[in-house]
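Chain by chain, the residues run as shown.
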Amino acid sequence: MNKKRNSPVLNLTLAAMFMAIGLVLPFLTGQIQQIGNMLLPMHIPVLLCGLICGWKYGFAVGFILPFLRYMLFGMPILFPTGISMAFELATYGLVIGLLYYHSRWQCVVALYRSMILTMLAGRAVWGIVQILLLGISGNGFTWQMFMAGAFINAIPGIILQLILIPAIMVALNRTGLVWFVHKTSYLQNVED
């Protein structure tokens, strides 16, 4: 990868790699749902895919990953968890890809700003989908359930993401695989 946009073949290959990581990473939590809910292992590859490959690939990987994981391993349970997770992860891939790409500077500060806004958007979408799905099944979804599921129980995973993803992006920048750039310098390099 260089400062110019990744080729579609490279993006597709990287997206497949992030999909594979998303399938395998939850095994580190021992398939224990409570630990998985705390560490959010499927979020990490989706966020990285949106950052590195762009919003289209991040959206697709995020939406497909929970369904594919359910078909292969029976987890996460499809209704309502898997369905709401698919919309949440798709939102993560979409929003982080768009926000980071359109940032004036593509640097650690822009990365944190994009991540925080993405996490809020994804959790809002998760809450809306949970309300709809649980409303259809006749169950209620309270504000306390939303806060517990979206934020309180997820604090370890949020902290892990806020540390791990920027560290990975900085390491990729140092190796030259992903570049932190200013938009004007990026455009000048693409034109050269």
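It should be noted that the structure appears before, not after, this text.
Residues numbered from 1 in each chain as written. Predicted model: local features only at pLDDT ≥ 70, side-chain atom pairs only at ≥ 80, totals over all residues. Heavy atoms only, no water.

## So, the nonpolar core
Thought 1: Ranked by internal contacts, the top residues of the largest apolar core, which has 32 residues, are Phe-18, Leu-51, Ile-52, Ile-165 and Met-169.
Thought 2: In terms of residue count, helix H3 (residues 43–53) provides more of this core than any other element does, eight residues in total.
Thought 3: When neighbours within four sequence positions are excluded, Phe-18 is seen to be in contact with Pro-45, Leu-48, Cys-49, Ile-52 and Cys-53.
Thought 4: Listed in part, the five residues of the second largest apolar core include Trp-126, Leu-134, Phe-141 and Ala-150. (Core = buried A, V, L, I, M, F, W, Y, C linked by side-chain atoms within 4.5 Å. Buried < 20%, exposed > 50% of the residue type's maximum accessible area, 1.4 Å probe, protein only. Helix = DSSP H or I, 4+ residues; strand = E, 2+ residues; numbered from the N terminus. Contact = heavy atoms within 4.5 Å.)

## Considerations on the packing of helix H4 (residues 55–73) against helix H5 (residues 78–101)
Thought 1: Relative orientation of the contacting elements H4 and H5 amounts to 165°, with a least axis distance of 6 Å. Overall, the two elements H4 and H5 adopt an arrangement that is roughly antiparallel. Classified by chirality, the crossing of H5 by H4 is right-handed. Residue-level contacts link Trp-55, Gly-58, Phe-59, Gly-62, Phe-63, Pro-66, Phe-67 and Tyr-70 of H4 to Leu-78, Gly-82, Ile-83, Met-85, Ala-86, Phe-87, Leu-89, Ala-90, Gly-93, Leu-94, Gly-97 and Leu-98 of H5. (Axes fitted to C-alpha atoms, helices over the stretch in contact; angles between N-to-C directions. Parallel < 35°, antiparallel > 145°, perpendicular 65-115°, else oblique. Left-handed = near helix turned anticlockwise from the far one by under 90°.)

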